[in-house]
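Single-letter residue listing:
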Number of protein chains: 2
Amino acid sequence: MAPARTSPDLSFLLDHTSHVLRTRMTAALAEIGLTTRMHCVLVHALEEERTQIQLAELGDMDKTTMVVTVDALEKAGLAERRPSSTDRRARIIAVTAEGASLAHRSQQIVDQVHEDALASLPADEREVLLRALGRLVTGHLETPAEAPRAARRARQAS
Amino acid sequence: MAPARTSPDLSFLLDHTSHVLRTRMTAALAEIGLTTRMHCVLVHALEEERTQIQLAELGDMDKTTMVVTVDALEKAGLAERRPSSTDRRARIIAVTAEGASLAHRSQQIVDQVHEDALASLPADEREVLLRALGRLVTGHLETPAEAPRAARRARQAS
DNA sequence: TATTGTTATACTCTATAACTATA
DNA sequence: TATAGTTATAGAGTATAACAATA
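In the annotation of an unreviewed UniProt entry, the entry for chain A reads MarR family transcriptional regulator, and the organism field reads Phytohabitans aurantiacus.

Below is the structure:
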């Protein structure tokens, strides 16, 4: 969508670049059978022992979305749910050997997709682009505006 | 979602900035009763006589999405469907006086939201940011990667 | 036969609600 | 009472299919 065309259209530029980059990333990771989320969970779960909730927060996902993602990782043999030794409600996500190996490859793919995009820019622009975006992310564009969320009916009895 | 954290994470930077900017834009336009799409259609329809299909292409929307958007504009008294004089299948989207006035205000709002974001950057970074994003949009990140589209069942008879 | 606009609806995605087990 | 994880499903958003009118 191209909202307008008057002033330098920052919305269009950011929407388009992020959308296209995301399709590239999705396609590249799909070649090794991963979604972006699976990659994200694998990488964070490898760093240290983490529960589903912790991984959900790191990846900015809902806990119910995390259930689906971990289901997919387990089904693919890339990770396992293990009981936490300290909290019997919680599950530690343990990455399998195969999962660790794939996470290594997927991180290379992610880096490569980013590099490919950045390599198309002059070195000085590349540097400033990252700095400026970083400034926005930690500054003026840090926090989303409130979106009015619709209330929801109770669930139907089954 | 924060896909990774190794190299400078262009995906995260672009996703986050575009997402937050979009929530700002949505909230700002909602104050005058418009969605981003309604604004987009109004502005393009004001430029010259255009059919729904033409407006859909300009805004990168599906024609069925355009139907809904034009319905909303008509309901709000901001635009009307008029028969094309040259093609009896087509409808020209005519902006009403009220619609034109609101489009003027909405364009100011859009510009202001962009300005607010850009004003938080040093002037030199601002300029390079726009140039670099523009380069990506017309260059390496011009075209989305193909997404495998799921086939769909035929419609149920009603 | 192809295209414009329309309606109906299938599908995806995501999050809410409700529940179980445990803290 | 509150939290981790799960299941079921509501709801938004969007696109496909089919169709009528016209080219």
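## Concerning the protein's contact with DNA strand D
With respect to spatial proximity, 25 residues lie near DNA strand D, and among them I53(A), R81(A), R89(A), R152(A) and R155(B) are the closest. Close to the protein, within 4 Å, the atoms of DNA strand D belong to sugar or phosphate groups at a rate of 57%. Contact between DNA strand D and Q52(A): a phosphate oxygen at 2.8 Å from a side-chain N or O atom of the residue. In the model, a base nitrogen of DNA strand D is placed 2.6 Å from a nitrogen or oxygen of the R155(B) side chain. If you list the elements that add at least two residues to the surface near DNA strand D, you get α3 (52–58) and α4 (63–75) of chain A. Ranked by residue count, the leading element in the surface near DNA strand D is α4(A), at 3 residues. Residues of the surface near DNA strand D, tallied by class, amount to 4 nonpolar, 6 polar and 15 charged.

## A look at the protein's contact with DNA strand C
Residues in close proximity to DNA strand C total 26 residues, the closest being R155(A), I53(B), R89(B), R91(B) and R152(B). Counted by atom, the contact set of DNA strand C within 4 Å of the protein is 58% sugar and phosphate. One of the backbone N or O atoms of R88(A) is found 2.9 Å from a phosphate oxygen in DNA strand C. In this structure, a base nitrogen belonging to DNA strand C sits 2.8 Å away from a side-chain N or O atom of R155(A). When contributions to the surface near DNA strand C are tallied by element, the ones reaching two or more residues are α4 of chain A together with α3 (52–58) and α4 (63–75) of chain B. Split into classes, the residues belonging to the surface near DNA strand C amount to 4 nonpolar, 7 polar and 15 charged.

## Quick notes on the relation of the copies chain B and chain A
Aligned on chain A, chain B shows an RMSD of 0.1 Å; the corresponding rotation is 180° and the shift along the axis is 0.0 Å. The transformation just described matches what one would write down for a two-fold rotation axis. Proximity to the rotation axis, assessed at the C-alpha, singles out L129(B) in chain B; its C-alpha lies 2.6 Å from the axis. Same-surface contact between copies: 100% of interface residues of chain B are shared with the interface of chain A.

## So, the packing of helix α2 (residues 36–47) of chain B against α4(B)
Residues and elements named next belong to chain B. Viewed as axis vectors pointing N to C, α2 and α4 meet at an angle of 85°, and their least axial separation amounts to 10 Å. The pairing of α2 with α4 is recorded here as roughly perpendicular in orientation. Between α2 and α4, the contacting residues are R37, M38, V41 and L42 on the first element and T65, M66, T69, A72 and L73 on the second.

## A word on the nonpolar core
L10(A), L129(A), L10(B) and L129(B) are the most contacted members of the largest nonpolar core, which totals 78 residues. Those residues in contact with L10(B) that lie beyond four places of it in its chain are L21(A), H114(A), A117(A), L118(A), L129(A), L130(A) and L133(A).

## Description of the interface of chain B and chain A
At the interface, 63 residues of chain B touch 63 residues of chain A. Summed over both partners, the interface of chain B with chain A buries about 5900 Å², with 67% contributed by carbon and sulfur atoms. On the surface where chain B and chain A come into contact, there are 6 salt bridges. The partner of R131(B) in a salt bridge is E125(A), and the shortest N-O contact between them spans 3.1 Å. At the junction of chain B with chain A, the criterion picks out 19 residue pairs in polar contact (both at pLDDT 80 or more). Put simply, the parts of the chain that give the side of chain B that touches chain A at least two residues each are α1 (10–30), α2, α5 (97–119) and α6 (123–138) of chain B.

About the cut-offs
- Residues numbered from 1 in each chain as written.
- Chains lettered and ligands numbered in written order.
- Predicted model: local features only at pLDDT ≥ 70, side-chain atom pairs only at ≥ 80, totals over all residues.
- Heavy atoms only, no water.
- Near = heavy atom within 4 Å.
- Polar contact = N/O pair within 3.5 Å; in protein donor to acceptor, adjacent residues only side chain to side chain.
- Helix = DSSP H or I, 4+ residues; strand = E, 2+ residues; numbered from the N terminus.
- Nonpolar A, V, L, I, M, F, W, Y, C, P; charged D, E, K, R; others polar.
- Least-squares fit on C-alpha atoms with pLDDT ≥ 70 in both.
- Contact = heavy atoms within 4.5 Å.
- Axes fitted to C-alpha atoms, helices over the stretch in contact; angles between N-to-C directions.
- Parallel < 35°, antiparallel > 145°, perpendicular 65-115°, else oblique.
- Core = buried A, V, L, I, M, F, W, Y, C linked by side-chain atoms within 4.5 Å.
- Buried < 20%, exposed > 50% of the residue type's maximum accessible area, 1.4 Å probe, protein only.
- Buried area = accessible area lost by both parts, 1.4 Å probe.
- Salt bridge = Lys/Arg side-chain N within 4 Å of Asp/Glu carboxyl O.

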